[in-house]
Structures are given as C-alpha cells and as structure tokens.
Amino acid sequence: MFENLLEMQERGARDRARGRSLADNPMSKPDILPIADFQEWYSMFDAWRFGWSIEDAMAGHINMPRDGGALSRTYTRTV
C-alpha cells in the first residue's frame, strides 16, 4: 500500500507539471466509484492531491539565471 501511495503522489506531481488541474484527480473519476474501501480510496485521492500540490508550490520557485543576469520569478497558477 505504501508504494502505491508514493506512486500516486508522483503521478499527481507529473499531472501538475503537465498542466492538469486539481479537478483532474484520477481518483475522482466515475469509473473508480463506487468505492469498496473508503479509507483506501481517500488515501489514494489525497496522495495524488498532495503530489499535485507539491509540484504546484514548486512552480512558483525562483529561476536562477545561468548567465549571471538578474533573478526572475515565474509563477504559474491553475485554478
């Protein structure tokens, strides 16, 4: 189960890097529901969301210039 949660976090981060929104959480798709084990489902749902959120936070990081020029900030927000 632990490995599955890590994989789902990584998937969330990849999905955010590809421009997907929080609404694109694969665990909220109708073909996943109904859920036999709510706790397991919610853990996977939350793991994806956590990975997505980490990548979203990193998208606002400071870009370090390679040529010694001034720092620039790049912010990306999808809501």
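Everything that follows concerns the structure shown earlier in this document.
If you're wondering where the values come from, they're calculated on a predicted model, not measured in any experiment.

1. Looking at the side chain of N25
Then step 1. Relative to the helices and strands, N25 resides in the loop between α1 (2-17) and α2 (38-58).
Then step 2. One polar contact links the side chain of N25 to the main-chain amide nitrogen of M27, over a distance of 2.9 Å.
Then step 3. A polar contact of 3.1 Å, which involves the side chain of N25, links it to the backbone oxygen of F45.
Then step 4. If near-sequence neighbours (up to four positions away) are discounted, N25 is found in contact with F45, W48 and R49.

2. Considerations on a nonpolar patch on the surface
Then step 1. Where nonpolar side chains cluster on the molecular surface, the patch consists of F50, I54 and M58 and spans about 300 Å² of accessible area.
Then step 2. Counting through the fold element by element, F50 comes out in helix α2.
Then step 3. Overall, the relative accessible area of 44% leaves F50 in the partly exposed class.

Reading the values: the criteria
- Residues numbered from 1 in each chain as written.
- Predicted model: local features only at pLDDT ≥ 70, side-chain atom pairs only at ≥ 80, totals over all residues.
- Heavy atoms only, no water.
- Helix = DSSP H or I, 4+ residues; strand = E, 2+ residues; numbered from the N terminus.
- Polar contact = N/O pair within 3.5 Å; in protein donor to acceptor, adjacent residues only side chain to side chain.
- Contact = heavy atoms within 4.5 Å.
- Patch = residues over 30% accessible without salt bridge, like charges linked within 9 Å, V, L, I, M, F, W, Y side chains within 5 Å.
- Areas by Shrake-Rupley, 256 points an atom, 1.4 Å probe, with all protein chains shown as cover.
- Salt bridge = Lys/Arg side-chain N within 4 Å of Asp/Glu carboxyl O.
- Buried < 20%, exposed > 50% of the residue type's maximum accessible area, 1.4 Å probe, protein only.

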